[in-house]
Amino acid sequence: MSGTPYAEVIGNPIVQSKSPVMHGFWLERLGLTERYTRAHVTADGLADYLAARRGDPDWRGCNVTLPHKQAVMPLIDRIDPVAARIGAVNTIVKADGLLTGYNSDAPGFLEPLRPWLSERHLLRTARIFGTGGAARAIAHALWDEGFTLILAGRDLAKADAIAAEFDAGHVHTCTLDTFARPLDFDWGEKGDRLDIVVNATSLGMTGKPPLDVDLSNFPPGAIVYDAVYAPLETPLLRAARTAGHPVVDGLSMLIGQGRIAFRRFFGMEPPSDPASEAKLRARLTA
C-alpha cells in the first residue's frame, strides 16, 4: 500500500486503454498526487481482484472494460438504476466500504450533445447502428432525452431484443444494410426537429471495413456521431462533414465518460478549458 489514493481501469486485454493517459493528464493539470493506473484482470481473477481492492484503503475505484462489464455486477454491493437498466457496469466506486457500480457510457455519450439537447424540439429521432453494449447504452441515453429510436443491426434479432426494452410505439428496427441503399425521399425543410445518426459498431475502426451507408438516408442537418476514435475521423465522419452535417467524433464520448469517472474517483472537476481540451486530445491521439 502506497498511501497515495488511486483508481485504475481493468480489462482483458487492457494495454490498449487510453484511460490512464486521460486521467493522468487531468491529475497533472490539477497538480494532484493521486494516481490512475491499469490492471490486467482475467475472468477467473475478477472476484479475487475485487476482494483484494475492497481491503485497500488507497483504492478509490476502477473503470471496467471488456469483457467484465456484466460479470462484475453480482460481485458488487449496489448498482445504480441507470446501470441496472442498461445491464452493464463500467465504473465501480468504493465509498464507506461498499462498492457501487455505474454506467457512464450513457451520460458520457450525451456530454458533447448538450448544446443541441438544451433546445426544445417538436420531434427528436435517432438512428443507431449496432446492437452491442455501447448501442444499448446509447439507446437508453437518447430515449431518456425524448428521442424516437431506429435501431439497425446486422442481426435483426439483436436489434429487436434492444427494442423490447422500450415502448414499441416509439422504437423501430431494421437491418443495417437498409441504410446502404440510396433513399429516394424528399426530406423537405429541416423544421423544428433534431436528428442524430450514431455509429455504435466497430465498422470504420482501423483495421475494419468502413460502415456502408448512403447519406441520402440522413435527414438534412442530422448530427452524425461516430463512437469509433481510431481513426479520429472515420470514413463516415469525413463523408458526413463533406455533405454539411455537424459531426461528433468518438474521442468526445471517451472524454465525456472519463470526466464522469474522474469526478467520482477524485471528487474534483477535470479541466475543460479550450487549451486543456486541445492538449488532452493531442496526447490521446499521439
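Position numbers for residues count from 1 along each chain, tracking the sequence in the order it is written. With the structure being a predicted model, the display of local features is reserved for residues of pLDDT at least 70 and the display and counting of side-chain atom pairs for 80 or more, all residues being used for whole-chain, interface and lining totals. Side-chain measures here rest on the full set of heavy atoms in the structure, leaving out hydrogens and waters.

### A word on the environment of Lys-18
Now for step 1: Under the scheme used here, helices are H or I runs from DSSP no shorter than 4 residues and strands are E runs no shorter than 2 residues, and both carry numbers assigned from the N terminus. Tracing the backbone through its elements, the reader meets Lys-18 in the loop between β1 (6-11) and α1 (19-30).
Now for step 2: Among the residues examined, Lys-18 registers a relative accessible area of 23% and is labelled partly exposed.
Now for step 3: Taking the C-alpha atoms as reference, Lys-18 lies 22 Å from Leu-113; in sequence the two are 95 residues apart.
Now for step 4: Here, residues are in contact when the closest pair of their heavy atoms is within 4.5 Å. Contact partners of Lys-18, with chain neighbours within four places excluded, come to Tyr-229, Leu-254 and Leu-284.
Now for step 5: Whenever a nitrogen or oxygen atom comes within 3.5 Å of another N or O atom, the pair is scored as a polar contact, on the condition that within protein one atom can donate a hydrogen and the other can accept it, and that pairs from neighbouring residues in sequence are kept only if both atoms are in side chains. One polar contact links the side chain of Lys-18 to the main-chain carbonyl oxygen of Leu-284, over a distance of 2.7 Å. Burial classes follow relative accessibility: with a 1.4 Å probe on protein chains only, a residue under 20% of its type's maximum area counts as buried, one over 50% as exposed, and anything between as partly exposed.

### Some thoughts on the sheet that holds strand β2 (residues 35-40)
Now for step 1: Here, a strand pair is defined by DSSP locating no fewer than two bridges between the strands. Overall, mixed pairing links the 6 strands, which are arranged β2-β1-β3-β5-β6-β4 in an open sheet. Two strands bound the open sheet, and with one partner strand each, they are β2 and β4 (78-79).
Now for step 2: Every axis in this analysis is a line fitted to C-alpha atoms, fitted for helices over the stretch in contact. Angles between the N-to-C directions lie between 0 and 180 degrees. Along the sheet, α1 makes contact with β1, β2 and β3 (59-64), crossing β2 at roughly 165°.

### Points about the pattern of salt bridges
Now for step 1: Any Lys or Arg side-chain nitrogen located within 4 Å of an Asp or Glu carboxyl oxygen qualifies as a salt bridge. A full pass over the atoms with the stated rule returns 17 salt bridges.
Now for step 2: Here Glu-28 ties to Arg-283 by a salt bridge, and the two come within 3.3 Å at their closest N and O atoms. In this pair, Glu-28 sits in helix α1 while Arg-283 sits in helix α10 (residues 274-284), placing the two residues 255 residues apart along the sequence.
Now for step 3: Arg-263 serves as the salt-bridge partner of Glu-111, at 3.5 Å between the closest nitrogen and oxygen. Placement of Glu-111 in the loop between α4 (105-110) and α5 (114-117) and of Arg-263 in helix α9 (residues 250-266) is noted, with a sequence separation of 152 residues between them.
Now for step 4: Its relative accessible area of 31% is what places Arg-263 among the partly exposed residues.

### Quick word on the nonpolar core
Now for step 1: We define a nonpolar core as any set of buried Ala, Val, Leu, Ile, Met, Phe, Trp, Tyr and Cys residues linked to one another through side-chain atoms lying within 4.5 Å. Residues Phe-109, Leu-113, Ile-128, Leu-142, Leu-149 and Leu-151 are the most contacted members of the largest nonpolar core, which totals 31 residues.
Now for step 2: Residue assignment for this core shows that the elements contributing at least two residues are α4, β7 (123-129), α6 (133-144), β8 (148-153), α7 (156-163), β10 (193-199) and β11 (223-226).
Now for step 3: Counting residues per element, this core draws most heavily on α6, which supplies 6 residues.
Now for step 4: When near neighbours in sequence (up to four residues on either side) are disregarded, Leu-142 contacts Phe-109, Leu-110, Leu-113, Ala-126, Ile-128, Phe-147, Leu-149, Ile-196 and Val-198.
Now for step 5: In terms of nonpolar packing, the next biggest core, distinct from the first, is built from 19 residues, Ile-14, Met-22, Trp-26 and Tyr-102 among them.

### A word on unusual backbone geometry
Now for step 1: Cis peptide bonds are those with omega within 30 degrees of zero, and the linkage from Asn-12 to Pro-13 qualifies with 5°.
Now for step 2: Along the chain, the position of Pro-13 falls in the loop between β1 and α1.
Now for step 3: Following Ala-230, the chain continues to Pro-231 via a peptide bond in cis, the omega torsion being 10°.
Now for step 4: With respect to the helices, strands and loops of the structure, Pro-231 is situated in the loop between β11 and α8 (235-242).
Now for step 5: One non-glycine residue, Asp-96, lies in the positive phi region at around 55°.
Now for step 6: On the secondary structure map, Asp-96 appears in the loop between β5 (91-95) and β6 (98-102).

### Topic: the pairing of β5
Now for step 1: Judged by how many residues are buried, β5 sits mostly within the fold: 4 of 5 residues are covered.
Now for step 2: Sheet analysis places β3 next to β5, joined by 3 bridges and oriented antiparallel. Residue pairing across strands places Gly-61 opposite Val-93, the latter belonging to β5.
Now for step 3: Judged from the 5 bridges that link them, β5 and β6 form a sheet pairing that is antiparallel. Considered in β6, the bridge of Thr-91 is made with Tyr-102.

The quantities given are spatial measurements derived from coordinates; they are silent on function.
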